[in-house]
Amino acid sequence: MRQPTMSKRVRFCGLIVLGLFLGILFKPHIAYAWWNNDWSARKTITIDTGATAGGVSNPIGDTPVLIRLDVGNFTFDNAKPDGSDLRFVAADDKTPLAYHIEKYDNLLGQAFVWVGIPDLKPAAQTQIFVYYGNPKATADQNAKATYDASTGAIYHFGEHNAPAKDWTGNGNTTQTPVQGDDYALIGPGDRLDGQTPVTLPATPGLAWAGSNPLTWSIWLNETALQPNAVLYSRTDGTSTVQIGVDNGVPFVAVTTAADTERTPAGAAITAASWHYIAVTAGAQIALYIDGAPYATLKAQLPALNTVSYLGGDATTGAAAATSDAGPPPAPGTPPAAAAAPAPTATTTGFIGEIDELEISNAVRPAGFIELAAIGQGSNPLAAKLMTYGVETKPASFFSGYLVVILGSVTIDGWVVIGILALMAVASWVVMVDKVSYVNRITKANTAFIGRFSQVGYDLTALDTPNSAPTAGNPGEQKLMDRSPLYHIYHVGADEIRLRFSTREAQHGRVLSSQSIAAIRAALDSGLVRETQRMNKSMVLLTIAIAGGPFLGLLGTVVGVMITFASIAASGDVNVNAIAPGISAALVATVAGLVVAIPALFGYNYLNSRISDGVSDMQVFVDEYVARLAEYYSPPMVDLPRAAE
């Protein structure tokens, strides 16, 4: 007798569902979180220092990065007119980054924003997000936090005929005004005329102890080549440091009581074009031009605690007129030591444009300088270094929150969810297969009952010894062969044939009451077997119903324990640190319910259908036995009437 088996098509669909689930389960998740739903738009900014983009392979470290926004990469109409709703967030989409705006012009569609990036990696991609589109937002700039603690002074030169502001918050505002230039390299800058140098203050933050580390950098655009044009100068007693350009050749000169040393000459830079000059001083002095090493000087900085000059020295134009008495000596300096040494060469003030002067009390890594030269200027690599994604809106639940929640699930949670996924797929396959099976046997039972109702006194007429039904056509035969009622009928027919084969010659087609009882027992055993067959695999649904929620609860409890343990270890009681872990832990409970609820509905439906089938078999057994008693019982003997 052919046993009902699970359809190959159903098994194939189950494998497909399982494969899709596992693919989603083990797919690397991308952060689609939304930092704050009060903001309606954001862009992804990718800083690529890899070999095929920025090409920065040396260490970088903490660094301010210039973000240039224009109509080509930013929708100014979706932000506030003053840019006060701009926010910058790290790649985790949780950590706000310090920033400040140097210039924001929504009419011209141009903005220059400085963003502090902690520990930027070389030869790698770093993503940050810029959020905007919140009419209720107020300015949240933090210029001081944009730079690290080693930064002594930063000048953007956006002032006109006013002292230049130190954006670090260290109070190193220039003592003399700057002329200002609206169209420098990075928004506004300054224009030096060679006669009016800018005086930088002698503050403790800008004081140089002997051989202390230093990084000094600036963007310059020399109007025309000049001999010994001094760009920066500082003198204290017999010690002087000068940074300048001699007929296009950048130099650093250090003068002490012993002698004057100057960096060796290299290739000249061109006039009327922007160049980045950086000087680092530690064990030796290194000069960089446009991010590349240019020259070194085996010398250390002398101790300098006086004012310094930008665009000349104490002998240049207005500076000379206001320093006849000499700059104020540092505390404790003998009067004789306050006089400046005689210059070793005729110097002139620098004539041209400048932008972005930075003075730091640390030796910046080579990658830091290289990145600034590429990212802040007009280097062709700048377009590859900084790329801007498309504008996106807050994600829906399925495209955003769900991915974020799943991305926060821990390993133990994934183990539980994986087990629940297997249970879910198994229960779904069982339900699909059982529904198909119940529908088939219901149709087959209906066909068999129609044929059985036409059977006369021969209760074996619909059956042959080889268990093949004797229906009218092959299609109907195949249909009846699926019927549990026919399977029971076949058991009864075999029992009848067995008894008639041994008794027919002696007793004819007559069954004793004992034989009918034995046939009834055989029919009951057939009913039990068919009932077991109909209930096969239903236990998987009960396991899914009972075990799914408990497994999910286990995953949730363990996830919550891990979340609170990590909070206790870090000491950070931030809701942003708690929420992802708790929400991810609850995913296990949701998964358990997703397994149990469909299994519960499917089980109740199938159980009802199977109960109907069992009832049909019980009714058929009773009817079959009744016909046995009617058709095959011995004839009743008429008793003689008693004499009246």
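Residues numbered from 1 in each chain as written. Predicted model: local features only at pLDDT ≥ 70, side-chain atom pairs only at ≥ 80, totals over all residues. Heavy atoms only, no water.

**What about the overall build of the protein chain?**
Selection criterion: Put simply, DSSP marks the helices as runs of H or I at least four residues long and the strands as runs of E at least two long, and each gets a number from the N terminus on. Note on exposure labels: buried denotes an accessible area under 20% of the residue type's maximum, exposed denotes more than 50%, and partly exposed covers the range between, all computed with a 1.4 Å probe on protein chains only. The criterion used for residue contact is that any of the two residues' heavy atoms lie within 4.5 Å. The protein chains shown are the only cover counted for residues, whose accessible areas, like all others here, come from Shrake-Rupley with a 1.4 Å probe.
Across its full length, the protein chain holds twelve helices and 23 strands. Residues classed as buried in the protein chain amount to 47% of the 644 residues present. The contacts of the protein chain with a sequence gap of at least 6 include a subset with a gap of at least 24, amounting to 74%. With an accessible surface of roughly 30,400 Å², the protein chain has 61% of that area assigned to carbon and sulfur atoms.

**Examining the sheet that holds strand 4 (residues 99–105)**
The criterion, for reference: Only strands joined by at least two bridges in the DSSP assignment are considered to pair. Lines fitted to C-alpha atoms define the axes, with helix axes restricted to the stretch in contact, and inter-axis angles between N-to-C directions lie between 0 and 180 degrees.
One open sheet accounts for three strands, arranged 2-5-4; its pairing is antiparallel. The open sheet has two edge strands with one neighbour each: strand 2 (61–70) and strand 4. Across the sheet, the axes of successive neighbouring strands diverge by a mean angle of 20°, strand direction being ignored. By the bridge criterion, nine bridges tie strand 2 to strand 5 (residues 110–120) in an arrangement that is antiparallel. Along strand 5, the bridge assignment pairs Pro64 with Gly116. Contacts between helix 4 (residues 366–376) and the sheet are confined to strand 2 and strand 5, with strand 2 contributing the most and set at about 5° to the helix.

**So, the sheet that holds strand 3 (residues 87–89)**
In a beta sheet, neighbouring strands are held together by backbone hydrogen bonds and run either parallel or antiparallel to one another. If you trace the four strands from one edge of the open sheet to the other, you get 3-6-1-23, paired in antiparallel fashion. The strands lining the two open edges of the sheet, one partner per strand, are strand 3 and strand 23 (386–388). Between one strand and the next, the sheet's axes are offset by a mean angle of 25°, whatever the strand orientation. Note: strand 1 (residues 41–48) against strand 23, three bridges, orientation antiparallel. Residue pairing for strand 23: Ile47 is matched across the bridge by Met386.

**A few points about the side chain of Glu102**
The following threshold applies: Charged-residue counts in this description rest on Lys and Arg as positive and Asp and Glu as negative, His and the chain ends being excluded. Each reported salt bridge corresponds to a side-chain nitrogen of Lys or Arg within 4 Å of a carboxyl oxygen of Asp or Glu.
Among the structural elements, Glu102 can be located in strand 4. One buried charge, Glu102, has no salt-bridge partner; the nearest side chain with opposite charge is Arg68, at 8.6 Å.

**Considerations on a nonpolar patch on the surface**
Formally: To count toward a patch, a residue needs a relative accessible area over 30% and no salt bridge; like charges are then connected within 9 Å, while nonpolar side chains (Val, Leu, Ile, Met, Phe, Trp, Tyr) are connected within 5 Å.
A contiguous nonpolar patch, built from Leu593, Ile597, Leu600 and Phe601 and spanning about 370 Å² of accessible area, is present on the exposed surface. For Ile597, the position within the fold is in helix 12 (residues 575–632). Judged by its relative accessible area of 42%, Ile597 is partly exposed.

**Side note on the pairing of strand 19 (residues 292–297)**
Here strand 18 (residues 285–289) runs beside strand 19; their pairing, made up of five bridges, is antiparallel. Its bridge partner being in strand 19, Ile289 is matched across the sheet by Ala292. What sits between strand 18 and strand 19 in their antiparallel hairpin is a turn of two residues, with Asp290 showing a positive phi close to 55°.

**Some remarks on the packing of aromatic side chains**
Remark: the centre distance and the inter-plane angle together describe each pair of aromatic rings, the angle taken between the planes. Test applied: Planes of paired rings set the category: under 30 degrees apart is stacked, over 60 is edge-to-face and the rest tilted, where pairs are Phe, Tyr or Trp rings (Trp by its six-membered ring) whose centres lie within 6.5 Å.
Summed over all chains, the structure comprises 24 aromatic pairs. Their ring planes at 65° and their centres at 5.3 Å tell us that Phe500 and Tyr632 sit as a pair that is edge-to-face. On the criterion of sequence distance, the pair formed by Phe500 in helix 9 (residues 484–507) and Tyr632 in helix 12 is long-range, its members being 132 residues apart. For the pair Phe500 and Tyr632, a shared accessibility class is recorded, and that class is buried.

**Digging into the nonpolar core**
Convention followed: Note on terminology: a nonpolar core comprises buried Ala, Val, Leu, Ile, Met, Phe, Trp, Tyr and Cys residues joined through side-chain atoms within 4.5 Å.
In terms of nonpolar packing, the biggest core is built from 56 residues, with Phe448 and Tyr624 touching the most fellow members. Elements with a minimum of two residues in this core: helix 6 (397–407), helix 7 (411–452), helix 8 (474–481), helix 9, helix 10 (513–534), helix 11 (538–570) and helix 12. With 17 residues, helix 12 is the largest single contributor of residues to this core. When residues no more than four places from it in sequence are discounted, the contact partners of Phe448 are Leu462, Met480, Ser483, Leu485, Tyr486, Tyr489 and Phe620. The next biggest cluster of nonpolar side chains, apart from the first, holds 39 residues, and it includes Ile243, Val252, Ile289 and Leu304.

**Let's talk about the confidence of the model for the protein chain**
For the record, the criterion: Note on scores: pLDDT gives the predictor's confidence for each residue, bounded by 0 and 100.
The pLDDT averaged across the protein chain works out to 86; a share of 84% of its residues lies at or above 70. Here residues 1–6 scores under 50 on pLDDT; set against residues more than four positions off or in separate chains, the count is 14 contacts. In this model residues 324–344 is a low-confidence stretch, pLDDT under 50, and it forms 18 contacts with partners more than four residues away in sequence or in other chains.

**Looking at the pattern of salt bridges**
Opposite charge on two side chains makes pairing possible when the charged atoms of those side chains draw close. Under the definition given, this model contains 15 salt bridges. A salt bridge links Asp524 to Arg520; the shortest N-O distance between them is 3.4 Å. One end of the pair, Asp524, and the other, Arg520, are both in helix 10, four residues apart, so they sit about a helical turn from each other. By relative accessible area, which is 32% here, Asp524 ends up partly exposed. Salt bridges linked by common partners bring Asp148, Glu358 and Arg364 together as one network.

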